[in-house]
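Architecture at a glance
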Amino acid sequence: MAATRPSKVVSRTVTISTRECFAMQHAELYHDRYPEPVGKTYGGDPARWYVVQTHQHSESLAERHLLSQTFRTYLPKRRRTVRHARTVRTVASAYFDCYLFVSLAAQQSWYPINSTVGVRRLVMSKGMPVPAPYGVVESLIAATDEDGILHPDILLRPGQRIRIIDGPFSEQLGVLDHVGSAGAVKILLDIMNHSIPITIDRDKLSVIS
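Just so we're clear, the structure is a prediction, and the values are computed from it rather than from any experiment. (Residues numbered from 1 in each chain as written. Predicted model: local features only at pLDDT ≥ 70, side-chain atom pairs only at ≥ 80, totals over all residues. Heavy atoms only, no water.)

**Comments concerning the environment of His151**
- Relative to the helices and strands, His151 resides in the loop between helix H4 (136-142) and strand E10 (161-164).
- Once the C-alpha coordinates of His151 and Arg78 are considered, the two residues, 73 residues apart in sequence, prove to be 8.1 Å apart. (Helix = DSSP H or I, 4+ residues; strand = E, 2+ residues; numbered from the N terminus.)

Pasting the structure below:
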């Protein structure tokens, strides 16, 4: 009887970046509906997210036509209330008006995108599409639920340094203390060597990297 050869065990080390860890920590809150191109390949090349500018109110139209061409897309949305005559209804619309994201690899042809229905152009520089910074779109994806709704409050974490960009405290620096569920956050401002708590709308502050 021939001797049985032992099976060969192959081991490898997997390195996970800080941004990937951030995305994984938040991804467990929601279903992974959208593809994350970092680490994915197209013909052996790693993919990146790029910004697509669309015609007004044509974000979903552009996304449908891009998907029909097998492009990977990400269109974050928000819920808003629409009042017409005596009716009130809640609809989902693009979070960033006239913009969505598409995944492309280095050797993947991007020319068809600019001629796609609903698309105005890819955001470009010196005749080439400009990729979004690593981790930015992946973080947005991790904060998007299964209905495509982006929850920006997930991107805000207590302890973050922030800058107020609008209102009477404009340009003041502070520390994020609490994220509320009604569109407001509580921050601590350093004024005259004292921490003063204030509550402010999310859209009036920016996070300091």
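**Here's the deal with unusual backbone geometry**
- Phi is positive for His57, which is not a glycine, with a value near 60 degrees.
- Tracing the backbone through its elements, the reader meets His57 in the loop between strand E2 (45-54) and helix H2 (59-68).
- A positive phi angle is found at Cys98, which is not glycine, with a value near 70 degrees.
- For Cys98, the location among the structural elements is in the loop between strand E5 (87-94) and strand E6 (99-105).

**Quick look at the pairing of E10**
- Residues Ile162 and Ile164 of E10 are buried on one face, while the alternating residues Arg161 and Arg163, pointing to the opposite face, are not.
- Both E10 and strand E14 (residues 205-207) contribute to a ladder of three bridges, which runs antiparallel. Considered in E14, the bridge of Ile162 is made with Val207. (Buried < 20%, exposed > 50% of the residue type's maximum accessible area, 1.4 Å probe, protein only. Pairing = 2+ DSSP bridges.)

**Examining the side chain of Asp145**
- Take Asp145: it is sitting in the loop between H4 and E10.
- Summary of buried charges: Asp145 has no salt-bridge partner, and the nearest side chain of opposite charge, Arg79, is 5.2 Å away.
- At a separation of 2.9 Å, a polar atom in the side chain of Asp145 contacts the main-chain amide nitrogen of Asp147.
- Engagement of the side chain of Asp145 in a polar contact is seen with the backbone nitrogen of Ile149, the distance being 2.9 Å. (Lys, Arg positive; Asp, Glu negative; His and termini not counted. Salt bridge = Lys/Arg side-chain N within 4 Å of Asp/Glu carboxyl O. Polar contact = N/O pair within 3.5 Å; in protein donor to acceptor, adjacent residues only side chain to side chain.)

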